[in-house]
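Residue-level structure breakdown
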Amino acid sequence: RGHVLGGATWTVLGPRADLYLTPVEDANVAQVALWQLTGPPAIPPKYAFGFLASRWGWKDEQDIDAVLSTFRDGKFPIDAWISDFEWYTRKPDYDLPDQGWSNFTDFGYNPVTFPDPIGQLQRYHDHFGVKFGGIRKPRLGNSQLLDFARDRDWLIPAGGQADGGNRNLNYSIPAVRTWYQSQMRHYLQDGVDFWWNDEGESTYFTTYYWTVAEADLLHSENADKRFFAINRDYTPGMQRYGAAVWTGDQTESWEALQRHPAYLLSWQQAGVGFVTCDTGGFRGGGETPELLVRWYQLSTFMSIMRVHSTKTEVPHFPWLWGAEAEVAMRKAMNLRYRFIPMLYSLAHHQYTSFEAMFHPLLYFWPEDPHAQVATDQWFVGRHLMVAPMLSVFPPWRQVYLPPGLWHHFNPGTAAIQGPHTLTLNDVPLDHIPMYVMAGGVVPMAPIVQRTGDLPGGPLMVRVYAGADGEFQLVEDDGETLGYQRGEVRRTLLVWHDANSTLTWSVSGNFSDGNCFTALKVLVCRQDGGTQDSPVLDLGRGGSYTFPPEPALPTTSSTSPGPTTTPPPLAPPKPTATGILVRVGSGDLSYGVELAVAGPLSFRLSVAYDDSEEGAIDTPMIQPLQDHAKFEVVRPSEEEAGIRTEFGYLVINMRSGFFKMEDSKGKPLVTSRTLSEYSAGTITVALGRGNQTAQPAAFFPDPQGVGDSLESIRATATVRNKFFEVPHYWTTDGYSAFCVGTLPHNPEQPNQYTVSWMRGHVLGGATWTVLGPRADLYLTPVEDANVAQVALWQLTGPPAIPPKYAFGF
């Protein structure tokens, strides 16, 4: 990627290159153009839209049966289970030498977990009603097979970060694909349903050709069956085969959870049609019941919902994490299955009209600065916006409602006129914040235990009054490629708000026992009330008219939904250079000082101890000699800040959300989470405000350290061997400098470090410091000169060396 002019630069091997250029007016058109070039995402079989239970560490056949029985007996809906290494070999291959082991099994079964493979797979299908997917690696482990492949020059030389050394097959060779299919064919004949392809990064196209080999194998056995595989990496074009991507080996942490909305949206923008993750995280030992519940809730609104964990962790199954968490996870799973008619229809829209299943807010409000930075809430389709809980501290979140009329997904609360920012307090563990734009038509299924049980009753259609709207429900057989031949049934649901009427019309001749034959309509009114219809025959079309909606009161509620009455806030306390405020309440509160620091800068101090006003005593910052004049401002009952000639800094005392603007009112910094404190360290995070500035062209990192996409926006790291200077400047219009608590101790030099990284979710910066206090110096800057001046005003000017130092 080019970092000088903010464009893109490619270097390709060979004498030819093709550059595809598309004029696009917005991100939606860019998505359509990409899929027009590379092909639309094929639709996976319907079972892939259900719940998939995976782990590394299935013990034996009895363990598998016991877990599947618990899913069914406990009413935890499930459609498939997935196994790691232990299904086909006794021992992982990570310690194998390049020559392999003579007793390693590449294409067999582990007799401990699969003593009767054909019988077991049939039992899983018939008795438990679940599909099975097994992990595959792109390499060989058996020494005889390796000799066979090496003699034919079928292996890829080791290189890069790929696992497997010199044992990876080169699937770009047709003969390799043909031979691989001959080894794998018996699995499909035995009853294996799909593949989980791991560690295919040996070359850029390894997983692509690996996918081709598996898809061709399936279609040689059954030409009309849909292919499905979950892969760790992606090459444009793989989506044409029905291949999904998962987000890799994530840690069991809140930080990893918080990254996943952006992962989902970014992978999709890159052309992936279906994205999943290791719900709960793969490894790390940091799992808690609340973290796992919140991860389940996020995964409910990913393309594919799948849990996974390594063999040393407690499996991420609902009943293993306490009664309260079990109830909340079952509720999330039930909600997933209720949304399958909508999600499956969106997959059809994605295939036929290239409209992605999920959208960031900026797709619809590209000029809205709040929508531009919102990556912790997203759209499912065009009307439903989800904002799952992604943090344990603070225990609330803010949700931005763009312009328009918004309903809470669950009725009972009056609609809200946007733009508006909600602060959610004490969100119950089993609740997912969801909002629907007026005119939203949301089709839902009854609760079922697997996709094969659909329809399970009448289609439940929720309509959110206040505007016209529509949704096209699409149904097919869920298994074959008939949908590519037009063998589908489409039901267009249209809401006419003026006369409170829902009409529907059915097209297409497809029909089977899994299609809906009846519907029931629930209208969510603007005042929070509801109106429902009787069960109606779907037929080939029809309509139903509701009585007129009652007149709204002159004032409408803006309640944030599930909440308890927030405690009163302490008023700001004036100081010599600013104000002291208390963010939050009780044991979860912390102190923040907003102050001026020199002629051009603000200081924002975060304290999780009993510290009073004043900056941390550090040799990095010179004593304050002069500071700008300021005035205290109270934009609202919950907000307090200070205003100067150079800018404006304000904080929400309940949520910790803060923002900085320049003297002209342009937003420079927006941060949804000011800080988190745990295990004796404090994390301070900045989000990016303005998105329109040209990329910075300063200091590309010569070592290639850090994300290249972010290095075009900000100064790169400056290191003192291992330790980094904690200064950040970006052409978004501000600079920042972070200071930690602990004083310098010559006997423990590492304790004075401030570790930091560029944020890759909101494009800002994140610092982690030791101790309970941190000072963040923020400066609105219009160019690099001002950033330099502000830095030296804070840290002191460079003293002039003796004149001889300027000689040779």
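About the criteria used
Residues numbered from 1 in each chain as written. Predicted model: local features only at pLDDT ≥ 70, side-chain atom pairs only at ≥ 80, totals over all residues. Heavy atoms only, no water. Helix = DSSP H or I, 4+ residues; strand = E, 2+ residues; numbered from the N terminus. Buried < 20%, exposed > 50% of the residue type's maximum accessible area, 1.4 Å probe, protein only. Contact = heavy atoms within 4.5 Å. Areas by Shrake-Rupley, 256 points an atom, 1.4 Å probe, with all protein chains shown as cover. Phe/Tyr/Trp six-rings, centres within 6.5 Å; stacked < 30°, edge-to-face > 60°. Polar contact = N/O pair within 3.5 Å; in protein donor to acceptor, adjacent residues only side chain to side chain. Expected span 1.5 Å × (residues − 1). Pairing = 2+ DSSP bridges. Arc of directions from axis to C-beta. Right-handed = clockwise from strand over helix to strand, strands pointing away. Patch = residues over 30% accessible without salt bridge, like charges linked within 9 Å, V, L, I, M, F, W, Y side chains within 5 Å. Salt bridge = Lys/Arg side-chain N within 4 Å of Asp/Glu carboxyl O. Axes fitted to C-alpha atoms, helices over the stretch in contact; angles between N-to-C directions. Parallel < 35°, antiparallel > 145°, perpendicular 65-115°, else oblique. Nonpolar A, V, L, I, M, F, W, Y, C, P; charged D, E, K, R; others polar. pLDDT = per-residue confidence, 0-100.

This brings us to the overall build of the protein chain. Within the protein chain, the regular secondary structure consists of 13 helices and 41 strands. Within the span of the protein chain, comprising 808 residues, buried residues form 56% of the whole. When contacts within the protein chain are restricted to residue pairs at least 6 apart in sequence, long-range pairs at least 24 apart make up 67% of them. Roughly 33,300 Å² of accessible area belongs to the protein chain as shown, and the carbon and sulfur atoms make up 54% of that amount.

Before going further, it helps to spend a moment on the packing of aromatic side chains. Taken as a whole, this structure holds 58 aromatic pairs when the rule is applied. The interplanar angle of 25 degrees and the centroid separation of 5.8 Å between the aromatic rings of Phe-51 and Tyr-296 together place this pair among those described as stacked. Within this pair, whereas Phe-51 is found in strand E1 (residues 51–55), its partner Tyr-296 is found in helix H8 (residues 289–299), the two being separated by 245 residues in sequence. Neither Phe-51 nor Tyr-296 differs from the other in exposure class; each is buried. Pairing Trp-87 with Tyr-88 gives two aromatic rings, centres 5.8 Å apart and planes at 70 degrees, and the pair type is edge-to-face.

Glancing now at the side chain of Asp-376. When you line up the elements, Asp-376 lands in the loop between helix H11 (369–373) and strand E10 (378–380). By relative accessible area, which is 16% here, Asp-376 ends up buried. Within the structure, the side chain of Asp-376 is placed 3.2 Å from the side chain of Arg-397, a separation counted as a polar contact.

Looking now at unusual backbone geometry. With the exception of glycine, most residues fall at negative phi, and the peptide bonds are largely trans. Following Gly-418, the chain continues to Pro-419 via a peptide bond in cis, the omega torsion being 10 degrees. The topology assignment puts Pro-419 in strand E13 (residues 416–424). Pro-455 follows Leu-454 through a cis peptide bond whose omega is 10 degrees. Among the structural elements, Pro-455 can be located in the loop between strand E15 (441–444) and strand E16 (459–464). Of note in the backbone geometry, Phe-354 takes a positive phi value of approximately 60 degrees without being a glycine. The topology assignment puts Phe-354 in the loop between helix H10 (340–353) and strand E9 (358–359).

Relative to the 22 Å expected for 16 residues at 1.5 Å per residue, helix H9 (residues 323–338) spans 23 Å between its end C-alpha atoms, a close match to the ideal helical length. Along H9, the residues classified as buried are Ala-325, Ala-328, Met-329, Ala-332, Met-333, Asn-334, Leu-335, Arg-336 and Tyr-337.

So, on to the pairing of strand E28 (residues 631–636). Where E28 meets strand E29 (residues 639–643), 4 bridges bridge the pair, whose relative direction is antiparallel. By the bridge assignment for E29, Val-632 is matched with Ile-642. Joining the antiparallel neighbours E28 and E29 is a turn of 2 residues.

Ser-143, Leu-146 and Ala-149 are the residues of helix H4 (residues 143–151) that are buried. Burial along H4 is one-sided: seen end-on, the buried residues are contained in an arc of 120 degrees. Two to three positions downstream of the cap, the backbone nitrogen of Gln-144 sits 3.0 Å from a side-chain oxygen, assigning the N-cap of H4 to Asn-142. Two residues or fewer after H4 comes Asp-153, characterised by a positive phi angle close to 60 degrees.

As a general feature of sheets, a regular strand has side chains that alternate between the two faces. Taking burial as the measure, the 6 residues of strand E3 (residues 131–136) include 5 buried ones, the bulk of the element. Looking at chain direction, strand E2 (residues 80–83) and E3 are connected through 4 bridges and run parallel. Within the sheet, the bridge partner assigned to Trp-81 lies in E3 and is Phe-132. What joins E2 to E3 is helix H3 (residues 117–126), and the crossover it makes is right-handed.

Taken together, the side chains of Trp-10, Val-12, Leu-19 and Leu-21 present a nonpolar region at the surface, about 510 Å² in accessible area. With respect to the helices and strands, Trp-10 occurs in the segment before helix H1 (27–38). For Trp-10, a relative accessible area of 63% corresponds to the exposed category.

Among the structural elements, Gln-417 can be located in strand E13. For the pair Gln-417 and Trp-406, spaced 11 residues apart in the sequence, the C-alpha separation amounts to 6.2 Å. Those residues in contact with Gln-417 that sit more than four places away from it in its chain are Gly-404 and Leu-405. From its side chain, Gln-417 meets the backbone oxygen of Gly-404 in a polar contact 3.2 Å long.

Next up on the list: the side chain of Gln-239. If you trace the backbone, Gln-239 turns up in the loop between strand E5 (229–231) and strand E6 (243–246). Within polar-contact distance, the side chain of Gln-239 engages the backbone nitrogen of Gly-237 at 3.0 Å. If we skip the residues at most four places from it in the chain, Gln-239 touches Trp-35, Thr-38, Gly-39, Pro-40, Pro-41, Ala-42, Tyr-234, Gly-271 and Gly-273.

So, about the sheet that holds strand E26 (residues 590–596). Across the sheet, 7 strands lie side by side as E24-E25-E26-E27-E41-E38-E37; this open sheet has antiparallel pairing. Edge strands, defined here as strands with exactly one partner in the open sheet, are strand E24 (573–574) and strand E37 (727–730).

Taken in spatial order, the 6 strands of this open sheet run E9-E10-E11-E14-E12-E13, and their pairing is antiparallel. Of all strands in the sheet, those with a lone pairing partner are E9 and E13, marking the two edges. In this sheet, strand E11 (residues 384–386) lies alongside E10 in antiparallel orientation, the contact comprising 3 bridges. By the bridge assignment, Trp-378 is partnered in E11 with Val-386.

Oppositely charged side chains can pair when the atoms bearing their charge come close. Counted by the stated rule, this structure contains 26 salt bridges. The partner of Arg-185 in a salt bridge is Glu-221, and the shortest N-O contact between them spans 2.8 Å. Taken together, the positions of Arg-185 in helix H5 (residues 174–190) and Glu-221 in helix H6 (residues 206–221) put the pair 36 residues apart, joining distant regions of the chain. Residue class for Arg-185 comes out partly exposed when judged on its relative accessible area of 25%. A residue is classified by how much of its surface remains accessible, and Glu-221, at 37% relative accessible area, is partly exposed. Between Arg-485 and Glu-487 there is a salt bridge, and its shortest N-O distance comes to 3.2 Å. Owing to a relative accessible area of 36%, Glu-487 belongs among the partly exposed residues under this scheme.

Here we take up the packing of H9 against H10. Contact geometry for H9 and H10: axes closest at 5 Å, N-to-C directions at 50 degrees. Considered as vectors, H9 and H10 are oriented oblique to each other. The residues of H10 that touch H9, namely those facing Arg-336, Tyr-337 and Arg-338, are Ile-340, Pro-341 and Leu-343. For the contact of H9 with H10, the class distribution of residues is 4 nonpolar, no polar and 2 charged.

Across the protein chain, the average pLDDT comes to 86, with 84% of residues at 70 or higher. Note on residues 553–564: pLDDT is under 50 here. Beyond four places in sequence and across chains, it has 26 contacts. Below pLDDT 50 for its whole length, residues 688–722 participates in 74 contacts with residues either more than four positions away or in separate chains.

Here Val-392 lies in the loop between E11 and strand E12 (397–408). Using a relative accessible area of 35% as the deciding quantity, one classes Val-392 as partly exposed. Each C-alpha atom of the pair Val-392 and Arg-294 lies 9.3 Å from the other, and the pair is 98 residues apart in sequence. Those residues within four positions of Val-392 in sequence are excluded, and the remaining contacts are Trp-254 and Glu-290.

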